[in-house]
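# Chain and residue survey
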Amino acid sequence: HPISFLFYKFLKPITAYYWIIAFSVLGQWYGFYLLSRKLKISSMSAIFASFVWIFSQWNVQWGGLEAIGLFLAWVPFLFFLIIKISEGKHKFWYAFLATLILAPNWVFGLTQTTLYLAIALFAFAVFLDFQVNRLQFLKYKNTLICTAIILLSMIIVLPVIKADYAIYDLSFRSGGLSYQESVN
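This is a predicted model, so every value here is computed, not measured.

Positive phi outside glycine occurs at K40, with the angle close to 65°. Considering the arrangement of structural elements, one finds K40 in the loop between helix 2 (13-38) and helix 3 (43-54). Here H90, not a glycine, exhibits a phi torsion of approximately 55°, which is positive. Among the secondary structure elements, H90 is positioned in the loop between helix 5 (66-87) and helix 6 (91-102). Look at H90 and you get exposed, because its relative accessible area is 54%.

Attention now moves to the environment of G27. With respect to the helices and strands, the residue G27 is situated in helix 2. You can call G27 buried: its relative accessible area is 14%. Along the chain, G27 and G64 lie 37 residues apart, while their C-alpha atoms are 14 Å from each other.

Examined against the element boundaries, Q28 turns out to sit in helix 2. Judged by its relative accessible area of 1%, Q28 is buried. Within the structure, the side chain of Q28 is placed 3.4 Å from the side chain of W53, a separation counted as a polar contact. With sequence-adjacent residues up to four places away left out, Q28 is seen in contact with W53, I54, N59, G69, L72, A73 and P76.

The next thing to look at is the pattern of salt bridges. Tallied over the full model, the rule gives two salt bridges. Among the salt bridges present, the one from K84 reaches E87, with a minimum N-O distance of 3.6 Å. With K84 and E87 both in helix 5 and three residues apart, this pair spans about one turn of that helix. We classify E87 as partly exposed; its relative accessible area is 44%. A network of salt bridges, in which partner residues are shared, links K38, K84 and E87.

What follows deals with the layout of surface pockets. Volume-wise, the largest pocket comes out at about 180 Å³. In this structure, the largest pocket is lined by K91, F92, A95, F96, T99, L100, I145, A148, I149, L152 and I156. Among the elements of the structure, helix 6 and helix 8 (141-156) are those that each provide at least two residues to the lining of the largest pocket. No other element matches helix 6, which puts six residues into the lining of the largest pocket. Along the lines of polarity and charge, the residues of the lining of the largest pocket split into nine nonpolar, one polar and one charged.

Grouped together as the largest cluster of nonpolar side chains are 37 residues, with contacts concentrated most on L78, F79, I82, L102, L117, L121 and I149. For this core, the secondary-structure elements that each account for two or more residues are helix 2, helix 5, helix 6, helix 7 (111-133) and helix 8. Among the elements that line this core, the one with the most residues is helix 5, at 14 residues.

This brings us to the side chain of S50. Here S50 lies in helix 3. Taking relative accessible area as the criterion, S50 reaches 0% and is therefore assigned buried. Setting aside chain neighbours within four positions, we find S50 in contact with W29, F32 and Y33.

A full pass over the atoms with the stated rule returns 13 aromatic pairs. With a centroid separation of 5.4 Å and an interplanar angle of 10°, the aromatic rings of W29 and Y33 are classed as stacked. Of this pair, W29 and Y33 both sit in helix 2, four residues apart, roughly one helical turn. Seen in terms of ring centroids, F79 and F124 are 5.4 Å apart; in terms of plane orientation they differ by 70°. Their pairing is edge-to-face. Remark: F124 occurs in helix 7 and F79 occurs in helix 5; sequence separation between them is 45 residues. Like F79, the residue F124 is buried in the burial classification. An aromatic cluster is defined as three or more aromatic residues linked by ring pairs; in this entry it consists of W29, Y33, F51 and F55.

Reading the values: the criteria
Residues numbered from 1 in each chain as written. Predicted model: local features only at pLDDT ≥ 70, side-chain atom pairs only at ≥ 80, totals over all residues. Heavy atoms only, no water. Helix = DSSP H or I, 4+ residues; strand = E, 2+ residues; numbered from the N terminus. Buried < 20%, exposed > 50% of the residue type's maximum accessible area, 1.4 Å probe, protein only. Polar contact = N/O pair within 3.5 Å; in protein donor to acceptor, adjacent residues only side chain to side chain. Contact = heavy atoms within 4.5 Å. Salt bridge = Lys/Arg side-chain N within 4 Å of Asp/Glu carboxyl O. 1 Å grid on protein atoms, 1.4 Å probe; cavity = no way out; pocket = protein on both sides within 12 Å on 5 of 7 lines; lining within 4 Å. Points joined across faces, edges and corners; volume = space filled by probe spheres on them. Nonpolar A, V, L, I, M, F, W, Y, C, P; charged D, E, K, R; others polar. Core = buried A, V, L, I, M, F, W, Y, C linked by side-chain atoms within 4.5 Å. Phe/Tyr/Trp six-rings, centres within 6.5 Å; stacked < 30°, edge-to-face > 60°.

Encoded structure:
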């Protein structure tokens, strides 16, 4: 994750690690608190829900890894941004922010998890549109914006993906063989 690179560049490794994990826990707590309040949950319940998110089994097991901890900090923020987009004010800026948040996760070790997150965001946008428009599919603007967010986030990191693919072809893993040659 880019934040990890910045922290490790300017701080000692152990200090960087602790700052990243602290940032992750604080970001996860605040992000889930914002999402909970946006869903009209009371303050006390939102605080409790945030702690449940932080101390969930996945988070306790994997949250100590910097990339996963930072990924988990962005999950509630992305759902919060999809809700803000559906409200109609400043759609462009919220969509732009969501695109910038989602983009690095495609290339920093959690591609499959990011795919699951993108599918969940898409389903959530469809749900928000369905609540308002029912079966009038031509009015599903949130779904279109969410699709654009996902596609633009992938386009932003496409040069990195292309470079990774080119390097992989030259690596020991592929042995310099084409897919068909390696299968044979």
